[in-house]
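Below, each chain spelled out in residue letters.
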Amino acid sequence: MSKMRFKSIEVNQFRQFRNEVVIHKLAPGLNVLAGNNEAGKSTLLQAVRAVLFDRYTSSVGDSFRPYGAKVSPKVCLVFDLNGIEYRLTKVFSRRRDGEATLEASDGRRWEGPAAEDYLAEVLGFSYAGRGGSRPELQGLAGLLWVEQSKAYEPVVLTDQSRRQVHAVFENEMRELLGGDQGEALHRRITALRGEYFDARGKPRGDYRRLQERETKLQKKLQDIRGELGEYEDKVDRLEQQQTDLRAYREDRVLERAEERVRLAKEATKRVADLQVRVQAGTEQLGRTNAESVAAKQAWENRHKLIAELKEAHEAERTAARAVGEQEAELTPLSERLSQLQNDLVELKSRKQNRDAELRLARDAVALRNLAAEHDHLDTRLKDARSVDAERRRCVSERDAIQVTEEVVFGLKKIERARDLTEERLRAVATRIEHRLESGAVVHFGEELIAGKGSVLLTRRTELRVKGVGQFSVIPGGEDLDVLRRKVEEQDHRLVQGLSELGIDSVAGAEELLRRWGDLDGRASQYAATLKGLAPEGLQAAEDQLSSVSVQHDGLRRKLGDNAGREFVLDDLERQVQTLQSQITAIESDCSDEETVVQKLREALAGFRAEMKSAARLAKNRASALDRIRSEAPDDELAQALREAERDGDVCSRNLEAAKQALYAENPEAVEVEIERSNRALVDIREEIEKLDRDVRDLKVELGALGQRGLAEEVASDEAEHAFASLQLGNANRRARALDLLQHTLEDALQRAKEAVAQPVTTKLVPYLRQLIPDAAPSVNEDLILMGIERGGAPEAFDNLSIGTREQLAVLIRLAYADLLSEAGVPVTLILDDALVNSDDERRERMKAILYQASKRYQVLLLTCHGREYRDTGGTFIRLGESVEWSERGGHVVQGIRQEAMEGETV
Amino acid sequence: MSITFLHTADWQIGKQFANVPGDPGAALRLQRLDTVNAIAELAQERQVDAVLVAGDVFEDNAVSDETLRRTMNAMVPFKGPWILLPGNHDAGLTQSAWSRLRRLAVVPENVILADRPDPIELCQGRLVVLPAPLQRRHEVRDLTEWFDTFRSDIGIFRVGIAHGAVTNRLPEAAGAQNPIADTRVETGNLDYLALGDWHGMLEVAKRTWYAGTPEPDRFKANEPGNVLLVELVEAGAAPKVEQVFVGHYRWAQLTFEIMDDQGLSVLDSQLAALGESGRTLVRLKLAGTVDLGTRQRLDELLDSWRARLHFLDDDDEALLAQPSPEDIATLAATGFVRDAIETLVGIEGDATHLDRGDAGRALQILYLEQRGLQR
């Protein structure tokens, strides 16, 4: 495997480097050149590009010269290539001091343009015709050396770099892409298909015209076939019409239609004659009928008058009979009614007497009852008065006692309190027990005490002992006085209460209270007895007695002498009842009889009026009949009627015969038949005329058409169309074949292109997975990274973030470099701040990736973020920030301080 | 004394040949009149007593007046009686080729238009011709029935002339319209029944002949191109019938299977063996599987024969062209071209693929173009 490695770079009088700057002992793998902004990283890269790709005599050299510098810009580059070390030195000047020297470790040496040409050949680049070199001329350096601020741009292969990359697997690519011949064949087939189809796949050119011609001929053929069809239809029609015409004539259809019309006309005339007959007969019958009706009417009127006269006589007789019958029926009924009325008067008189007797009897009974009641009431009143006097006495005694339960309760309460207080006084009183000798005269207060006993002292008490003198005993304690006063007070209240009641003890009070209760109970008992004897009170009882007494007296006076009479009340009541029943029965009979008699009388009056009316009517009818008989006797009328009826019969028979004849002719059928036969005749005439006309016209028309030879035209057009179809069929087959061929080639080419990109993709995938684990690259047949695919979704390169773009741009370069390196092409990767937009995590991954790549070829990473790349794992070279002057090896070194020691890795 | 006549039919003057496009077709159409002329000359040469044309004289009733006139002109060489019978193509309708011929007044006196079923006496009454003209395109009844009831003198030759399908004798394809009883010769006491409609020559029943069309018009091997020279020696005796070839063009149909270059040689020799290439029409059905080189050589061979024959119709639907390893080597196909060839070969080998036929042609084109590029 051939390799390329930069070993040292020396720059003097180049842009910002006014003095010599030396970077030496660059490592074969990863080199990190760190320096702050303006430290000269990019200038260093520019110097490397210049010494390699710009001619030393190029005008661009002037732009390298620092402002006002007298000495020409000089760059010296030492590098290994395929095991040989080269030292390339250029002084950029178009003057005499300009030079280019290439010295090889194997002793070869080139100078001037020869050195530059050899270099271009070895490294595969070309010089710019005018001005400075451009990346597209710099071969792989243009591809693999990334300038600051361009890192995120899409990586495009220039012609030169493409050639160099393609050269790696040229044979495979040529194989896949079919070589020049494959391309030519593809173009040829595309062109051939283009003769048939346009860009949108629509037919074009001769092919389209062929299709149009075939369509046109098809249309023409259809049209001419249509014409021929019409012609043949007309021939058929003519044949048919001639056949029809012949049939009409052979069948004498017209003549038969005319005969039918003639017969129909005759039938119509017969019908018309009969209709006249029927009409005349009908009119005649009308007249005779009218006469007959008049005769009949006269005869009926005469009969009616005679009948009415007869009926009037009959009615008169009937009414007279009825009057007689009614009068005969009325007489006994009137007599019986009169008898009933007399009986009724007599019964009513008797009942009146019995009623007076019954009243007397009832009063007598009442008088006796009143007397008994008076006695009873009087006895009870007396008892009541006695009980009431007793009750009053008890009440009076009770009310004289003033003791009540409350009073007794109060006294008992005071007594209990005094006893209690007294007991307490005793308890606290001073007890003086004494056992006196007999004879001793001792006074305790006013009381003389003797013998054995005890005295309670509740107050100052004088003890006088005779012979001894007097002692004042003063019981001790304040309570004693209080208790003693309280006992006295309570005694006082008790005595006062008792005295108010006039008693001396509480027990007396309780006795009085019992006496009060006893009197009250007895008073109540008497009151109850009184209530039983006189519920309404004594006064009411007295009033009642008085009232009974008055009634009794009044009734007695009323009865007078009858007061002592004895009556049988029940008998009297029965007699009155019987009489009342008889009266009621006779009154009912009377009423019925009266109704019947009244009705008979009304009927009698009606019959009499009817008899009178019938007699008057009979008289009227008799006079009218006499009058008209004088004008026309009855037999004359009868004769006229018989004649009229006979005439009517004759007319009817005549009319019926005429109608039968008319019916037999079936006038409706005759009418329809004349219409039908006329219409048929017209139709047939028109049809025959039309057929004649049509046949004539068709013959003329077909004669003219026949000359055209339509069948031959059709056949000719068919042949022409068949030929066009044949041509079109051939063209279709060729067009389809070309279309298929072209599409098949396109598809195959597409697959080939995808296969071409495969090596790059294969190299890129491991890097990409390391950077973005779920992403897959999309590389086209030109080996350009078009984007990535994540989760099945394609993402175009331009749509990715700047950070991702610059990372991917580095990765695709690594893939190219890997391929080239494997193929023995000398590659070096230079990245000038190519990852400034990467986040920490991605930067870490990229550092690992770059380190891996640097195992295969040299990588120079220029950065202004030295700290972040300090741990990259490669050789770390810090470019000094301040201007430092130092002497080394006779050279003046400006601004660059190489921190890393030879072979040191960080 | 015997009577001779020519029996012909189905001239179908005016017929076009849609399946033979272009000039060859036009030549075929014109040839039919020349053949009529040849018949007239033959009749004149053989001194026949009459020429009986058993229907379908014209392709259609709607042929042009010019065609009608040209037909009459073609018949001029024979001065004897012609009997022309309407067939289904030129049925004797009121308005027909026949009515127009009469109106044009171009019918020579010796030409009898037999468009009515009336007996025609010829040869001074020794021959009575009984025509059964079709007066409609299609008849369901047998128009020759009246032959049975027509009486003629003993010793008079009775010849029927009709157009239709003899019952029970023809293939079903002949159809059931315009039927003619196969016993008509016996029942009608005919010496000969001259028929038309069937385009090949055929003795279909006793003394009952189809003459066939005198000029072949389709790729069907049923002996077309003849007229019948009929000699009636004695009434009731069997006629002498001579087949005379008058056709000009020959129609040949070949089916050929090709597998390799040797097959091409055989094909070439077979086509050569047909002879008279200039008036031969060939329908060639090709089958087999060939490589692209053979296919290319086949096309070249066919092109050369197409220039020699009157017409060549080659049907190569059943012929598969598959690239052989040698073809592939010849094509020197690599990369995507080889991939495309393999795809197309796959399609062609897939009997169910809709593009199968196109794939074969595509391969052929590819082969040709690649060869062209290589040159």
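Provided above is the structure to which this section pertains.
Residues numbered from 1 in each chain as written. Chains lettered and ligands numbered in written order. Predicted model: local features only at pLDDT ≥ 70, side-chain atom pairs only at ≥ 80, totals over all residues. Heavy atoms only, no water.

Colleague: Is there a simple way to explain the overall build of chain A in this structure?
Modeller: Each helix and strand in chain A was counted, giving 19 helices and 22 strands. Scored against the burial criterion, the 906 residues of chain A give a buried share of 40%. The contacts in chain A between residues at least 6 apart in sequence include a share of 71% that link residues at least 24 apart. Of the accessible surface of chain A, which amounts to about 50,600 Å², a share of 49% is contributed by carbon and sulfur atoms. (Helix = DSSP H or I, 4+ residues; strand = E, 2+ residues; numbered from the N terminus. Buried < 20%, exposed > 50% of the residue type's maximum accessible area, 1.4 Å probe, protein only. Contact = heavy atoms within 4.5 Å. Areas by Shrake-Rupley, 256 points an atom, 1.4 Å probe, with all protein chains shown as cover.)

Colleague: It is not clear to me how the overall build of chain B should be interpreted in this structure. Could you clarify?
Modeller: Looking only at helices and strands, chain B features 10 helices and 17 strands. Taken over 375 residues, chain B has a buried fraction of 56%. Intrachain contacts of chain B at a sequence separation of at least 6 include 70% that bridge at least 24 residues. As presented, chain B carries roughly 15,500 Å² of accessible surface, and 48% of it is formed by carbon and sulfur atoms.

Colleague: Looking at this structure, I do not really get the sheet that holds strand 3 (residues 82-84) of chain B. What am I missing?
Modeller: Two orientations exist for strands paired in a sheet by backbone hydrogen bonds: parallel and antiparallel. Residue and element names in this part refer to chain B. If you walk across this open sheet you meet the 6 strands as 4-3-2-1-13-14, and the pairing is mixed. Since the sheet does not close on itself, it has two edges, and those belong to strand 4 (111-113) and strand 14 (240-245), each with one partner. Adjacent strand axes in the sheet meet at a mean angle of 20°, parallel and antiparallel pairs treated alike. As paired strands, strand 1 (residues 3-8) and strand 13 (residues 226-232) are joined by 5 bridges and run antiparallel to one another. When the bridges of strand 13 are listed, His-7 appears paired with Leu-228. Helix 1 (residues 22-46) contacts strand 1, strand 2 (50-53), strand 3, strand 13 and strand 14 of the sheet and is inclined by roughly 170° relative to strand 1. (Pairing = 2+ DSSP bridges. Axes fitted to C-alpha atoms, helices over the stretch in contact; angles between N-to-C directions.)

Colleague: What's the story with the packing of helix 17 (residues 710-771) of chain A against helix 18 (residues 802-822) of chain A in this structure? I'm lost.
Modeller: Helix-helix packing: each pair is described by the crossing angle between the helix axes and the interaxial distance. All names here are of chain A. Two elements in contact, helix 17 and helix 18, have axes whose closest approach is 9 Å; the angle formed by their N-to-C orientations is 135°. Judged by the angle between their axes, helix 17 and helix 18 are oblique. Here the hand of the crossing between helix 17 and helix 18 comes out right-handed. Side by side, helix 17 and helix 18 meet where Pro-759, Val-760, Lys-763, Leu-764, Tyr-767, Leu-768 and Leu-771 of the first sit next to Gln-807, Leu-808, Leu-811, Ile-812, Leu-814, Ala-815, Tyr-816, Asp-818, Leu-819 and Glu-822 of the second. Across the contact of helix 17 with helix 18, the residue classes break down as 13 nonpolar, 1 polar and 3 charged. (Parallel < 35°, antiparallel > 145°, perpendicular 65-115°, else oblique. Left-handed = near helix turned anticlockwise from the far one by under 90°. Nonpolar A, V, L, I, M, F, W, Y, C, P; charged D, E, K, R; others polar.)

Colleague: Mind showing me how you'd approach the nonpolar core here?
Modeller: One recurring pattern in soluble globular proteins is that nonpolar side chains are buried together. Residue and element names in this part refer to chain A. Among the nonpolar cores identified, the biggest contains 99 residues, and Phe-6, Leu-52, Leu-144, Trp-145, Leu-811, Leu-814 and Tyr-816 are the most heavily contacted of them. The leading source of residues in this core is helix 18, at 11 residues. Setting aside its immediate chain neighbours within four residues, Tyr-816 contacts Leu-143, Leu-144, Val-155, Leu-157, Val-760, Leu-783 and Ile-784. By size, the runner-up hydrophobic cluster in this structure holds 53 residues, among which are Leu-210, Leu-738, Leu-745 and Ala-748. (Core = buried A, V, L, I, M, F, W, Y, C linked by side-chain atoms within 4.5 Å.)

Colleague: What's the story with the interface of chain A and chain B in this structure? I'm lost.
Modeller: Accessible area lost on assembly of the parts is the figure often given for the size of an interface. Taken together, the contacts link 51 residues of chain A with 41 residues of chain B. Summing both partners gives a buried area of about 3,800 Å² for chain A against chain B, and 63% of it is carried by carbon and sulfur. There are 4 salt bridges connecting chain A and chain B. Arg-188 of chain A is the partner of Glu-369 of chain B in a salt bridge, and the nearest nitrogen-oxygen pair spans 2.6 Å. Applying the counting criterion to the chain A and chain B interface returns 10 residue pairs in polar contact (both at pLDDT 80 or more). Contributions of two or more residues to the side of chain A that touches chain B are made by helix 6 (170-177), helix 7 (179-194), helix 8 (205-250), helix 16 (667-708) and helix 17 of chain A. No other element matches the 23 residues that helix 17 of chain A contributes to the side of chain A that touches chain B. Partitioning the side of chain A that touches chain B into residue classes produces 26 nonpolar, 11 polar and 14 charged. (Buried area = accessible area lost by both parts, 1.4 Å probe. Salt bridge = Lys/Arg side-chain N within 4 Å of Asp/Glu carboxyl O. Polar contact = N/O pair within 3.5 Å; in protein donor to acceptor, adjacent residues only side chain to side chain.)

Colleague: Honestly, the side chain of Thr-280 of chain B in this entry has me stumped. Any pointers?
Modeller: Residues and elements named next belong to chain B. Structurally, the position occupied by Thr-280 is in strand 16 (residues 280-290). A residue is classified by how much of its surface remains accessible, and Thr-280, at 2% relative accessible area, is buried. Within the structure, the side chain of Thr-280 is placed 3.2 Å from the backbone oxygen of Gly-275, a separation counted as a polar contact. What Thr-280 contacts, discounting residues up to four positions off in sequence, is Arg-250, Leu-274, Gly-275, Leu-309, His-310 and Phe-311.

Colleague: What is the right way to read a negative patch on the surface from this model?
Modeller: Residue and element names in this part refer to chain A. Together, Glu-291, Glu-643, Glu-645, Asp-647 and Asp-649 make up a negatively charged patch on the protein surface. For the negative patch, the element with the highest residue contribution is helix 15 (residues 634-665), accounting for 4 residues. Position of Glu-643 relative to the elements: it lies in helix 15. (Patch = residues over 30% accessible without salt bridge, like charges linked within 9 Å, V, L, I, M, F, W, Y side chains within 5 Å. Lys, Arg positive; Asp, Glu negative; His and termini not counted. Charge placed at Lys NZ, Arg CZ, Asp CG, Glu CD.)

Colleague: For this particular structure, what's the right way to read unusual backbone geometry?
Modeller: Glycine aside, the phi torsion of most residues is negative, and most peptide linkages are trans. Residue and element names in this part refer to chain B. The phi angle at Asp-56 is positive, at roughly 55°, despite the residue not being glycine. Of note, Asp-56 is situated in the loop between strand 2 and helix 2 (65-74). A positive phi angle, near 40°, is found at Glu-276, a position not held by glycine. In this structure, Glu-276 sits in the loop between helix 6 (261-273) and strand 16.

Colleague: What am I meant to see in the packing of aromatic side chains here?
Modeller: Each aromatic ring pair is specified by the distance between its two centres and by the angle formed by the two planes. The full count for this structure, using the stated rule, is 21 aromatic pairs over all chains. On the numbers, 5.1 Å between centres and 80° between planes, the contact of Phe-64 of chain A with Phe-92 of chain A is edge-to-face. A residue pair is termed long-range when its members are at least 10 positions apart, and Phe-64 of chain A in helix 2 (residues 60-64) and Phe-92 of chain A in the loop between strand 5 (84-91) and strand 6 (99-104) qualify at 28 residues. Side by side, Phe-64 of chain A and Phe-92 of chain A carry an identical accessibility label, which is buried. One aromatic cluster is present, formed by Phe-6, Phe-53, Phe-79, Tyr-86, Trp-110, Tyr-118, Phe-125, Tyr-127 and Trp-145 of chain A through successive ring pairs. The aromatic ring of Tyr-869 of chain A is capped on one face by Lys-847 of chain A, whose charged end is 5.7 Å from the ring centroid. Directly above the aromatic system of Phe-17 of chain B lies the positively charged group of Lys-15 of chain B, at a separation of 5.7 Å from the ring centroid. (Phe/Tyr/Trp six-rings, centres within 6.5 Å; stacked < 30°, edge-to-face > 60°. Lys NZ or Arg CZ within 6 Å of the ring centre and 35° of its normal.)

Colleague: Hey, could you run me through the sheet that holds strand 4 (residues 74-81) of chain A in this one?
Modeller: Residues and elements named next belong to chain A. Strand order in the open sheet formed by 6 strands is 2-1-4-5-6-7, and the pairing between neighbours is antiparallel. Because the sheet does not close on itself, it has two edges, and the strands there are strand 2 (21-23) and strand 7 (109-111). Pairwise comparison of adjacent strand axes, ignoring direction, gives a mean angle of 10° for this sheet. In this structure, strand 4 lies alongside strand 5, joined through 8 bridges in antiparallel fashion. Considered in strand 5, the bridge of Lys-74 is made with Val-91. On the sheet, helix 1 (residues 41-53) packs against strand 1 (4-12), strand 2, strand 4 and strand 5 and is oriented at approximately 105° with respect to strand 1. Lying over the sheet, helix 3 (residues 112-123) contacts strand 1, strand 4, strand 5, strand 6 and strand 7, oriented at roughly 115° with respect to strand 7.

Colleague: Looking at this structure, how should I read the packing of helix 9 (residues 253-400) of chain A against helix 15 of chain A?
Modeller: All names here are of chain A. Interhelical geometry of helix 9 versus helix 15 gives an angle of 155° and a closest axis separation of 7 Å. As judged from the angle between their axes, helix 9 and helix 15 are roughly antiparallel. Here helix 9 and helix 15 pass one another in a crossing that is left-handed.

Colleague: Honestly, the environment of Gln-551 of chain A in this entry has me stumped. Any pointers?
Modeller: Assignment of secondary structure puts Gln-551 of chain A in helix 13 (residues 538-559). Remark: the alpha-carbon pair of Gln-551 of chain A and His-374 of chain A, spanning 177 residues in sequence, is separated by 10.0 Å.

Colleague: What am I meant to see in helix 3 (residues 97-104) of chain B here?
Modeller: An α-helix turns once every 3.6 residues. As a result, residues three or four positions apart point the same way. In terms of residue burial, helix 3 of chain B counts as a mostly covered element, since 6 of its 8 residues are buried. Of the residues making up helix 3 of chain B, those classed as buried are Ala-97, Trp-98, Ser-99, Arg-100, Leu-101 and Leu-104 of chain B. Contact partners of the buried residues in helix 3 of chain B: helix 8 and helix 16 of chain A together with helix 2, strand 3 and strand 4 of chain B. Looking one or two residues past helix 3 of chain B, Ala-105 of chain B carries a phi angle of roughly 60°, positive in sign.

Colleague: Teacher, can you tell me more about the pairing of strand 14 (residues 469-473) of chain A here?
Modeller: Put simply, side chains in a regular strand alternate between the two faces of the sheet. Residues and elements named next belong to chain A. Direction of pairing for strand 13 (residues 461-465) relative to strand 14: antiparallel, over a ladder of 5 bridges. Note that in strand 14 the partner of Arg-464 across the bridge is Gln-470. Hairpin connection of strand 13 to strand 14: 3 residues between the antiparallel strands, including Gly-467 at a positive phi of 85°.

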